[in-house]
Amino acid sequence: MILFDDIEMFSSGTRGKKIYDLPDCELLLIDNFIGKEEADLYYTTLLNQTSWHEYEMPMYDKIVTAPRMVSWYGDTNRPERKSNPNWPKELLTIRKRVEGETTLKFNAVLLNLYRNGTDGVGWHSDKTTSTNKDMNIASVTFGETRMFRLRHKFMKHLPQIEIPLYHGSFLLMSGSTNSYWEHQVRKQQRMCYPGLT
């Protein structure tokens, strides 16, 4: 028996716009980038209408199933990524808003579905090409608040950064951030509702 809708449990952040002052890093956070009512709609639509799939990835000397579901959309079809060039109108609207805020252009999106507390993504930097080392990575979060963590790859004395990503929040990693920092969305001990990035 369901006593309430999960979207009633989601909260929007109240920090406004914040630029982080960190070495080798350009990091921008905007809480409530998408308001609660609109974020609820995106959450429900993307959760239920996206063609989610599991994927396998190499880890040390074996292949494992990643602990989350994904869906990839790009301006061109990339069969190796199970890419879909037919963007849903909701994603096109979100992309337009992100590009308007940042004055940057984005040609692909990887949707991540963290189904519950046992889903996450370990420490990593996003893969880049040799011609695009300083890539821009934009992320909009819907659903349950998840903790986004960063650590410097080389300056081990720097403390790890923890940023709660609330329903409707926007995070932009740009400049040399991806070259010098790793990030993760940690698994949680408690059970939680789904979250999308």
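Computed from a predicted structure; not experimentally measured.

## Examining the pattern of salt bridges
Note that side chains of opposite charge can pair when their charged atoms are close. As enumerated under the stated definition, the model contains twelve salt bridges in all. Across the pair Lys-17 and Glu-101 runs a salt bridge, and its minimum N-O distance is 3.1 Å. With Lys-17 in strand β1 (residues 17-20) and Glu-101 in helix α2 (residues 89-102), the pair connects residues that are 84 residues apart, well separated along the chain. Across the pair Glu-38 and Arg-97 runs a salt bridge, and its minimum N-O distance is 2.8 Å. Of the two residues, Glu-38 is situated in helix α1 (residues 36-49) and Arg-97 in helix α2; the sequence distance between them amounts to 59 residues.

## Structural notes on the sheet that holds strand β9 (residues 137-140)
What the four strands build is an open sheet, ordered β1-β2-β13-β9; its pairing is antiparallel. The sheet is open, and its two edges are formed by β1 and β9, each paired on a single side. For this sheet, the mean inter-axis angle between neighbouring strands, taken without regard to orientation, is 10°. Taken strand by strand, α2 contacts β1, β2 (26-30), β9 and β13 (170-174), and its axis lies near 55° from that of β13.

## Looking at the environment of Gly-168
Structurally, the position occupied by Gly-168 is in the loop between β12 (161-165) and β13. Residues contacting Gly-168, with those up to four places away along its chain left out, are Ile-30, Asn-32, Phe-33, Ile-34, Ala-39, Thr-141 and Phe-142.

## As for the packing of aromatic side chains
Under the counting rule described, the total for this entry stands at four aromatic pairs. With a centroid separation of 4.8 Å and an interplanar angle of 75°, the aromatic rings of Phe-10 and Tyr-43 are classed as edge-to-face. Of the two residues, Phe-10 is situated in the segment before β1 and Tyr-43 in helix α1; the sequence distance between them amounts to 33 residues. Judged on exposure class, the residue Phe-10 and its partner Tyr-43 are both buried. Here the guanidinium or amino end of Arg-95 rests over the ring plane of Trp-87, the centre of that ring lying 4.3 Å away.

So, how was this worked out
- Residues numbered from 1 in each chain as written.
- Predicted model: local features only at pLDDT ≥ 70, side-chain atom pairs only at ≥ 80, totals over all residues.
- Heavy atoms only, no water.
- Salt bridge = Lys/Arg side-chain N within 4 Å of Asp/Glu carboxyl O.
- Helix = DSSP H or I, 4+ residues; strand = E, 2+ residues; numbered from the N terminus.
- Pairing = 2+ DSSP bridges.
- Axes fitted to C-alpha atoms, helices over the stretch in contact; angles between N-to-C directions.
- Contact = heavy atoms within 4.5 Å.
- Phe/Tyr/Trp six-rings, centres within 6.5 Å; stacked < 30°, edge-to-face > 60°.
- Buried < 20%, exposed > 50% of the residue type's maximum accessible area, 1.4 Å probe, protein only.
- Lys NZ or Arg CZ within 6 Å of the ring centre and 35° of its normal.

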